[in-house]
Amino acid sequence: MPPVLAKMAAWSACLILLGVVVHYFAQAVATLRFVALPVAIALLLAALLFPITKRLRKAGLRPIWATWATMLLAFAILVGTGWIVGARANEEFPRLVAQLKKSVEEVQEWLITGPLHLQQAQIQKWVDQITDLITTQQAVIGNTVLTGATVAVEVLASLVLLLFVTFFLLKDGDRIWAWVLRGFGGVAPRVDRAGRAAWETLSQYVQGTVAVAAVHGVIMGIVLAGMGVPLWAPLAVLIFFASFIPIVGIFIAGGLATLVTLGSQGPLLALVFVGILVVEQQLENHVLQPLIVGRAVNFHPLAVILVLAVGGVLAGITGAAVAVPIAAVIYRALPELRGDPPAELPPPSASRTEPATEPATEPAGEPPAEPADAAPGDGGEPPPKEPAGGGRHDNGQE
């Protein structure tokens with residue numbers, strides 16, 4: 001067989017084997033989704049929170065207390081944000097409903113008196129059709145609610161698992177990684193380099209994405225509050241979380257915020273909000289993302305879209321959210337996994353261990369060895385003309 005055909009056959013076999021492994025791995029993850037998903041989210045949270053734990057350790061706290069302080073701080077931020085969002089939603093939701101009713105009446109009047117000249121009976125027919133559609137779907141909605149109630153237990157168990165995994169990753173992450181490396185034998189250094197590169201990439205991605213999402217949410221929240229849009233706080237939080245899904249998330253959250261602005265403040269302010277959203281999104285894509293996240297993820301937009309599509313098909317919205325960091329971690333870890341050790345780190349010489357063991361062979365009271373003997377030389381051994389017991393023979397002769 002010609003060398004070219006042999007090489008192509010080898011690559012084809014590798015691709016087939018890789019496809020089989022990926023297929024069965026995806027099936028295993030889908031089967032164990034209530035375990036795999038909490039572990040994946042816990043890794044993201046640990047990458048985000050570990051700098052806080054590290055600083056607390058450097059300040060003198062024991063690992064367990066530094067971990068508890070980090071977890072309590074994160075829990076306090078989540079509870080505080082949820083309380084603010086819930087309080088604002090409870091206060092502004094009735095006003096939003098009233099404004100939406102008023103907007104619907106204005107649209108209905110425009111359809112009748114405007115250039116379309118629709119009849120009241122025709123509009124009422126459309127309203128009745130929508131009402132009938134909702135009524136016929138009540139059974140399906142009820143079954144969905146019951147199914148959701150049965151899944152709630154699994155979700156709660158996954159949440160508990162998420163907290164436990166995050167806690168132990170923050171507390172014993174280095175010990176867990178050392179335990180994992182012991183199972184790789186001679187290739188442990190190569191796996192160690194790949195793992196550290198993957199962790200660095202994941203940390204940079206998560207921290208940078210959180211920073212960009214926070215800036216995005218704060219700016220859009222200020223804009224919505226300045227326009228007097230109801231539920232501006234929940235919409236700002238929604239925009240923050242949607243920013244974790246590149247490209248797609250902002251369209252969903254921004255579209256919902258635009259609809260609320262349109263229904264409550266009219267088409268003019270809705271257009272203004274869309275313009276501000278587009279400008280801010282462009283600044284984020286061309287300034288914040290390259291400066292903050294671009295160091296960790298250097299993907300072409302087409303690659304990002306394909307990764308998002310694969311993640312969405314496999315695991316829905318959650319899969320789309322974690323697809324990009326997983327792809328970035330694999331992309332950065334593979335070169336380290338198949339590369340050779342760096343040349344600037346030679347193996348330790350045997351002469352470095354000899355100065356520590358040589359004084360033990362000498363009797364007490366002897367003067368220390370000459371500097372030429374202690375320094376690591378070319379051969380790593382002291383000169384043969386001065387054996388270990390030479391001092392005693394000289395004294396005996398004298």
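Read on for an overview of the structure. (Residues numbered from 1 in each chain as written. Predicted model: local features only at pLDDT ≥ 70, side-chain atom pairs only at ≥ 80, totals over all residues. Heavy atoms only, no water.)

**Let's talk about the environment of Val237**
Alright, step 1. Tracing the backbone through its elements, the reader meets Val237 in helix H7 (residues 232–242).
Alright, step 2. When the C-alpha atoms of Val237 and Ala253 are compared, they prove to be 9.6 Å apart, with 16 residues separating the residues in sequence.
Alright, step 3. Leave out the neighbours within four places in its chain, and Val237 touches Thr81 and Val85. (Helix = DSSP H or I, 4+ residues; strand = E, 2+ residues; numbered from the N terminus. Contact = heavy atoms within 4.5 Å.)

**Topic: the environment of Pro234**
Alright, step 1. For Pro234, the position within the fold is in helix H7.
Alright, step 2. Measuring from C-alpha to C-alpha, the distance between Pro234 and Thr81 comes to 9.7 Å, with 153 residues separating the pair along the chain.
Alright, step 3. Beyond its immediate sequence surroundings of up to four residues, Pro234 is in contact with Val85 and Ala89.

**Comments concerning the layout of surface pockets**
Alright, step 1. Estimated volume of the second largest pocket: approximately 1,700 Å³.
Alright, step 2. Residue lining of the second largest pocket: 47 residues in total, with Leu45, Leu78, Phe240, Phe241 and Phe244 positioned closest to the centre.
Alright, step 3. Breaking the lining of the second largest pocket down by element, the ones donating at least two residues are helix H2 (33–58), helix H3 (63–113), helix H5 (138–181), helix H6 (188–226), H7 and helix H10 (301–338).
Alright, step 4. Split by residue class, the lining of the second largest pocket holds 39 nonpolar, eight polar and no charged. (1 Å grid on protein atoms, 1.4 Å probe; cavity = no way out; pocket = protein on both sides within 12 Å on 5 of 7 lines; lining within 4 Å. Points joined across faces, edges and corners; volume = space filled by probe spheres on them. Nonpolar A, V, L, I, M, F, W, Y, C, P; charged D, E, K, R; others polar.)

**Focus on the packing of H7 against helix H8 (residues 248–265)**
Alright, step 1. Interhelical geometry of H7 versus H8 gives an angle of 165° and a closest axis separation of 8 Å. As summarised for this structure, H7 and H8 are arranged roughly antiparallel, according to the angle between their axes. Crossing angle aside, the handedness with which H7 passes H8 is left-handed. Residue-level inspection shows Leu235, Leu238, Ile239 and Ala242 of H7 in contact with H8, the latter providing Gly249, Ile250, Ala253, Leu256, Ala257 and Val260.
Alright, step 2. Residues of the contact of H7 with H8, tallied by class, amount to nine nonpolar, one polar and no charged. (Axes fitted to C-alpha atoms, helices over the stretch in contact; angles between N-to-C directions. Parallel < 35°, antiparallel > 145°, perpendicular 65-115°, else oblique. Left-handed = near helix turned anticlockwise from the far one by under 90°.)

**A few points about the packing of aromatic side chains**
Alright, step 1. With the rule as written, the count across this model stands at four aromatic pairs.
Alright, step 2. When the ring of Phe50 is compared with that of Trp199, the centres are 6.5 Å apart and the planes differ by 80°; the resulting orientation is edge-to-face. Taken together, the residues span a long stretch of sequence, with Phe50 in helix H2 and Trp199 in helix H6 at a distance of 149 residues.
Alright, step 3. Of the residues examined, Phe50 reaches a relative accessible area of 27% and is grouped as partly exposed.
Alright, step 4. Taken together, the ring pairs connect Trp68, Phe167 and Phe168 into an aromatic cluster. (Phe/Tyr/Trp six-rings, centres within 6.5 Å; stacked < 30°, edge-to-face > 60°. Buried < 20%, exposed > 50% of the residue type's maximum accessible area, 1.4 Å probe, protein only.)

**Concerning the packing of H2 against H6**
Alright, step 1. Between H2 and H6, whose axes approach to 9 Å, the crossing angle comes to 80°. One way to sum up the angle between H2 and H6 is to call them roughly perpendicular. Along the contact surface, H2 presents Leu43, Leu44, Ala46, Ala47, Leu48, Phe50 and Pro51, while H6 presents Trp199, Leu202, Ser203, Val206, Gln207 and Val210.
Alright, step 2. For the contact of H2 with H6, the class distribution of residues is eleven nonpolar, two polar and no charged.

**Regarding the nonpolar core**
Alright, step 1. In this structure, Met220, Val229, Leu235 and Phe273 are the most contacted members of the largest nonpolar core, which totals 14 residues.
Alright, step 2. Elements with a minimum of two residues in this core: H6, H7, H8 and helix H9 (267–293).
Alright, step 3. For this core, the element with the most residues is H8, which contributes four residues.
Alright, step 4. One finds Ala198, Leu202, Tyr205 and Val206 within the second-largest nonpolar core, a separate group that totals 13 residues. (Core = buried A, V, L, I, M, F, W, Y, C linked by side-chain atoms within 4.5 Å.)

**Here's the deal with H2**
Every α-helix winds through 3.6 residues per turn, so residues three or four apart in the chain are directed the same way.
Alright, step 1. Compared with an ideal rise of 1.5 Å per residue, which puts 26 residues at 38 Å, H2 spans 36 Å between its outermost C-alpha atoms and is within 8% of the ideal.
Alright, step 2. Where H2 bends most, the angle comes to about 45°, and this point is Leu49, followed within four residues by the proline Pro51.
Alright, step 3. Looking at H2, one finds that the buried residues are Pro38, Ala42, Ala46, Ala47, Leu49 and Thr53.
Alright, step 4. One or two steps after H2, the chain reaches Gly60, where phi turns positive at roughly 115°. (Expected span 1.5 Å × (residues − 1). Bend = angle between axes of the 7 residues up to and from the residue.)

**Notes on the pattern of salt bridges**
Alright, step 1. Enumeration according to the criterion identifies four salt bridges in this entry.
Alright, step 2. The salt bridge involving Lys171 is made with Asp172; its shortest N-O contact spans 3.2 Å.
Alright, step 3. Across the pair Arg196 and Asp192 runs a salt bridge, and its minimum N-O distance is 3.0 Å. Placement of the pair is Arg196 and Asp192 together in helix H6, with a separation of four residues, close to one helical turn. (Salt bridge = Lys/Arg side-chain N within 4 Å of Asp/Glu carboxyl O.)

What is shown is where atoms sit, not what they do.
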